[in-house]
Amino acid sequence: MIEGISIQVILTFTTVLFFIGLYGFLTRTHLIGILISLELMLNSEAINFVAVNKYLHPQFLQGAVFSLFILALAAAETALALAIILQVYRRTGSVDVKEVKELKY
Amino acid sequence: MDFSYVIWIPALPLISFLLLGLFNRYFRKEPVAGYVGVASLGTAWVLALYTAWKYFFEVGLQNGQYVPFTPFKWDWIHFAGKLSIDMGILLDPISVMMLVVVTTISFMVHIYSIGYMYGDEGFARFYAYLSLFSFSMLSLVLASNIFQIYIFWELVGVSSFLLIGYYFVKPSAIAAAKKAFIVTRFADFFFLVGILMIGYFVGTFDIETLNSEGTIAWIAQHPGPVFMGLSAVTWALILIFVGGAGKSAMFPLHIWLPDAMEGPTPVSALIHAATMVVAGVYLVARLFPLFYHVGDGFALRVVASVGTFSALFAAIIALTQEDIKRVLAYSTMSQIGYMMMALGVSGYEGVEGLGYMAGMFHLFTHAMFKALLFLIAGVIIHAVHSNLMKDMGGLHKYMPISSWTFLIAALAISGIPPMAGFYSKDEILHAAFEYNFLIWLVGFLVAGLTAFYMFRLYFRIFHNGTREYHHPPKEDSRAMTGPLIFLAVLTLTVGWVFTPFSKYVTPTRVPFTYHIHWGSPLVLGSMAIALAGILTAYFFYYKPTDYPQKAARAFGLTYQWAKNKFYMDELYLFITKRIIFDKISKPSAWFDRHVVDGMMNALGNTTVWISNRIKVLQSGRLQEYGIYFVYGVVVLIMVFYFLNF
């Protein structure tokens, strides 16, 4: 329980953060930008986990542990995504998502 | 007495088949493959003779009855109860007799082929096929189980197919091979159904068990369901006989035999004269107690009728044919009809089993003289390079050995004593006379016709004036004339040496004595009609005359019919092409193509159409997928929210 801050404020904050990430994911054309937006969404969820854990069931630790997992996962995912982006850059000479559409019907 | 070495009799040809077939290219050097074949068959022949000697003269006869030996029997596939498919060896009088016949003829043909096939490209292949055939035929003969017979029955069919189509670059040979295979296979289908019915209604495939008195009494009490007035087991026997009729070229399944003459002549001698085509006769003889007892012998009457009709039918066609091998082919068919007739008219106990004994005896003697006739035909064809009688004539002075041996064989088939054919034929006629006057009359007529067409062949080939030949025809190879002389000696001797044959082969395996009544009207009559046939042929054909044309004109339409083989081939073509293909196959094909395939095609086409419509969704643009995903989530949330899950 954090003094002076209610759960609604935190949830509002993470919701805004999530939709900023979603918007970025759908509108950015730069692959790195998309990746950053993805990270935003992931982190808003991680905050949600911690906040809900803290406010509703302070005696348990699952929420905090989950957010730690999410951090590890996000790190791995970022490494993978960056590697892919590097390869895309080598093949196409750009990191524009619109250039990468070979995988179609 | 341990007969287990008998397994080597079929095994030796199998070994030589594998050797020649698998290592074909090491046997390129001409006669080596022939020597391998001759050695294996020669050994098998000696073993077979030894077995026959042991069986008939030393150990077979116990307490006045020939006992069967099963030196080897392996329960291969076991079904319920007593029903099982075995691989075994059954030695009894008829199988031992067939062993001798098959190995003798096969051995002679192997020797002969060294000369006949010399210089042919597929020499080793030819010997491999011959060995395969000998193996299958010997195994068929020795089989202890009716299903085992069926297996080797198909194998002889395959080897016959391979050998007829031996000259596989000749379209007519391929067509003939195909025809032989399809027709006999068609008949074998009925054979298989018959076997399965026996398995279902009697419950055993074992020949000895089937023929035992216990089984026959059991069948009499449990005849099974009745169809068209005949019990199931009677039907099974009739179906089995249809299979036998297919292999033995009985009317109306005979059409493959004349065409089978496209194969090399030694093959015709071995397969289509002496051994494989009598497999049907052997089959009926094998199950004779069943044929005789089940359903009051109805199936046996069918055998008699079909045999008698085929004998007459083929003899009439043989009168008019021009190709010497075809004359011999129809003559074979006619003689096999004789054998079937003999089995059909036979009784069971004691002297009444005369017909059975005569049929088997005729099989034995016929194998010798008909193989001889074919082998001589091969020598002649080799020398003259033609199958047609019009290209021959006056060959007596060029080819004396062929001429004399042919004369002996022709006398034998006409039934002139002391040649082999006389004894067996006379016994058949005697048995037929005791059974039914009409059948005897047909048999009697056929005897005359046989004498006529055989001597027509003899006089037209070896006499009938003189002819100019580009190369003087000659008998050059001793490998070819040797077997002729050997078989001619057999033809001269086996008749009186083995008379009465009832000492060896009878339905009940109890020997009885039988004497030919030399002075009786029957014997004199059959001799008289044979002589009449020979004399007519002499007047017609010894010198070139115009009697044949006059006779042909006198018979008019009948002659035309016989010359065209009573249009049987055309009839078959009509039935298969016009009726089966047009009326059944084509509508079925249409149904298959348009309805069955149509449904499948509709399914496929719909799938393709749908996929064409939705594949644009997969654009490859990442953010489109993202937006679909978001929409999906929104829709799901609304669904769950409003439906209050």
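Enquirer: So what's going on with the overall build of chain A? Which residues, and what values?
Expert: The helix and strand tally for chain A stands at 3 helices and 0 strands. When the helices and strands of chain A are placed in sequence order, the string is α-α-α. Here the C-alpha atoms of chain A give a radius of gyration of 17 Å, more than 25% beyond the 13 Å that 2.2 N^0.38 yields for 105 residues. Dimensions along the principal axes, computed over C-alpha positions, put chain A at roughly 50 × 25 × 25 Å.

Enquirer: So what's going on with the overall build of chain B? Which residues, and what values?
Expert: Across its full length, chain B carries 25 helices and 6 strands. For the C-alpha atoms alone, the extent of chain B along its principal axes is close to 115 × 65 × 55 Å. Relative to its full complement of 645 residues, chain B shows a buried share of 57%. Partitioning the contacts of chain B with sequence separation of at least 6, the portion at a separation of at least 24 is 79%. Carbon and sulfur atoms make up 69% of the accessible area of chain B, which amounts to about 27,200 Å² in all. Here chain B holds 40 positive side-chain charges and 34 negative ones, and the gap between their average locations is 9 Å.

Enquirer: For the pattern of salt bridges, give the residues involved together with the corresponding values.
Expert: Residues and elements named next belong to chain B. All chains considered together, the criterion is met by 17 salt bridges over all chains. Two residues, Glu262 and Lys170, come together in a salt bridge whose shortest N-O distance is 3.4 Å. Residue Glu262 is found in the loop between helix H10 (256-259) and helix H11 (265-274), and its partner Lys170 is found in the loop between helix H5 (146-164) and helix H6 (171-201); the two are separated by 92 residues along the sequence. The exposure class assigned to Lys170 is partly exposed, which follows from its relative accessible area of 34%. A salt bridge links Glu322 to Arg460, with the nearest nitrogen and oxygen atoms 3.3 Å apart. Taken as a pair, Glu322 in the loop between helix H14 (298-320) and helix H15 (324-345) and Arg460 in helix H19 (residues 437-462) lie far apart in primary sequence, 138 residues in all. Three or more residues joined by partner-sharing salt bridges are found here, namely Asp92, Glu208, Arg286 and Arg509.

Enquirer: Could you give an account of the environment of Gly88 of chain B, with specific residues and numbers?
Expert: Residues and elements named next belong to chain B. Structurally, Gly88 can be placed in strand E4 (residues 84-91). Residue Gly88 is classed as buried on the basis of its relative accessible area, which comes to 4%. Linking Gly88 and Ile534, residues 446 residues apart in sequence, is a C-alpha distance of 47 Å. Here Gly88 is in contact with Phe72, Lys73, Leu142, Ala143, Ser144 and Gln148, once residues within four sequence places are set aside.

Enquirer: Tell me about the environment of Gly620 of chain B, and name the residues and values.
Expert: Note on placement: Gly620 of chain B falls in the loop between helix H24 (568-614) and helix H25 (622-642). A residue is classified by how much of its surface remains accessible, and Gly620 of chain B, at 9% relative accessible area, is buried. Taking the C-alpha atoms as reference points, Gly620 of chain B and Gly337 of chain B, 283 residues apart in sequence, are found 80 Å from one another. Not counting residues up to four positions away in its chain, the partners in contact with Gly620 of chain B are Val100, Lys101, Leu103 and Lys104 of chain A together with Tyr625 of chain B.

Enquirer: Got a sec to walk through the packing of aromatic side chains? Specific residues and values, please.
Expert: All names here are of chain B. Counted under the stated rule, the structure contains 62 aromatic pairs over all chains. A ring pair is formed by Phe452 and Tyr541, whose centres lie 6.1 Å apart and whose planes are at 50°; its orientation type is tilted. Taken as a pair, Phe452 in helix H19 and Tyr541 in helix H21 (residues 521-541) lie far apart in primary sequence, 89 residues in all. Both residues of the pair, Phe452 and Tyr541, count as buried. A cation over a ring is seen here: Lys425 above Tyr338, with NZ or CZ 5.3 Å from the ring centre.

Enquirer: So what's going on with the packing of H6 of chain B against helix H9 (residues 232-247) of chain B? Which residues, and what values?
Expert: Residues and elements named next belong to chain B. As a packed pair, H6 and H9 sit with axes 7 Å apart at the nearest point and diverge in direction by 155°. It follows from the interaxial angle that H6 and H9 lie roughly antiparallel. Between H6 and H9 lies a crossing of left-handed hand. Counted together, Thr184, Ala187, Asp188, Phe190, Phe191, Val193, Gly194, Ile195, Met197, Ile198 and Phe201 of H6 and Ala232, Val233, Trp235, Ala236, Leu239, Ile240, Val242, Gly243, Gly246 and Lys247 of H9 form the full contact between these two elements. Class assignment of the residues belonging to the contact of H6 with H9 gives a composition of 15 nonpolar, 4 polar and 2 charged.

Enquirer: Go over the pairing of strand E3 (residues 69-78) of chain B with me, naming the residues and quoting the values.
Expert: Residue and element names in this part refer to chain B. As defined by bridge partners, E3 adjoins E4 across 7 bridges and the pair is classed as antiparallel. Looking at the pairing, Asp75 lines up with Asp86 of E4. What sits between the antiparallel neighbours E3 and E4 is a turn of 5 residues, in which Gly81 has the positive phi angle 60°.

Enquirer: How would you explain the pairing of E4 of chain B if you had to name every residue and give the values?
Expert: A large share of E4 of chain B lies buried, amounting to 8 of its 8 residues. Across the two faces of E4 of chain B the burial is the same, with Ser84, Asp86, Gly88 and Leu90 of chain B and Ile85, Met87, Ile89 and Leu91 of chain B all buried.

Enquirer: Tell me about the environment of Ser6 of chain A, residues and numbers included.
Expert: With respect to the helices and strands, Ser6 of chain A occurs in the segment before helix H1 (7-27). Ser6 of chain A sits in the partly exposed class, given a relative accessible area of 32%.

Enquirer: Tell me about the interface of chain A and chain B, residues and numbers included.
Expert: With 13 residues of chain A at the contact, the number on the chain B side is 12 residues. Summed over both sides, the interface between chain A and chain B buries roughly 1,000 Å², with carbon and sulfur atoms accounting for 67% of that surface. Applying the counting criterion to the chain A and chain B interface returns 0 salt bridges. Counting every contact that joins chain A to chain B gives 2 residue pairs in polar contact (both at pLDDT 80 or more). When residues in the side of chain A that touches chain B are grouped by element, the largest group, 4 residues, is from H1 of chain A. Taken together, the residues of the side of chain A that touches chain B sort by class into 8 nonpolar, 2 polar and 3 charged.

Enquirer: Quick rundown of a negative patch on the surface? Include the residues and the values.
Expert: Judged by side-chain charge, Glu213, Glu349, Glu352 and Glu434 of chain B come together as a negatively charged surface patch. Structurally, the position occupied by Glu434 of chain B is in helix H18 (residues 420-435).

Enquirer: Lay out the side chain of His430 of chain B in plain terms, naming residues and giving numbers.
Expert: Residue and element names in this part refer to chain B. Along the chain, the position of His430 falls in helix H18. The class for His430 is buried, based on a relative accessible area of 15%. Not counting chain neighbours up to four residues away, the residues in contact with His430 comprise Leu354, Tyr514 and Leu522.

Procedures and definitions
Residues numbered from 1 in each chain as written. Chains lettered and ligands numbered in written order. Predicted model: local features only at pLDDT ≥ 70, side-chain atom pairs only at ≥ 80, totals over all residues. Heavy atoms only, no water. Helix = DSSP H or I, 4+ residues; strand = E, 2+ residues; numbered from the N terminus. Rg over C-alpha atoms; globule rule 2.2 N^0.38 Å. Buried < 20%, exposed > 50% of the residue type's maximum accessible area, 1.4 Å probe, protein only. Contact = heavy atoms within 4.5 Å. Areas by Shrake-Rupley, 256 points an atom, 1.4 Å probe, with all protein chains shown as cover. Lys, Arg positive; Asp, Glu negative; His and termini not counted. Charge placed at Lys NZ, Arg CZ, Asp CG, Glu CD. Salt bridge = Lys/Arg side-chain N within 4 Å of Asp/Glu carboxyl O. Phe/Tyr/Trp six-rings, centres within 6.5 Å; stacked < 30°, edge-to-face > 60°. Lys NZ or Arg CZ within 6 Å of the ring centre and 35° of its normal. Axes fitted to C-alpha atoms, helices over the stretch in contact; angles between N-to-C directions. Parallel < 35°, antiparallel > 145°, perpendicular 65-115°, else oblique. Left-handed = near helix turned anticlockwise from the far one by under 90°. Nonpolar A, V, L, I, M, F, W, Y, C, P; charged D, E, K, R; others polar. Pairing = 2+ DSSP bridges. Buried area = accessible area lost by both parts, 1.4 Å probe. Polar contact = N/O pair within 3.5 Å; in protein donor to acceptor, adjacent residues only side chain to side chain. Patch = residues over 30% accessible without salt bridge, like charges linked within 9 Å, V, L, I, M, F, W, Y side chains within 5 Å.

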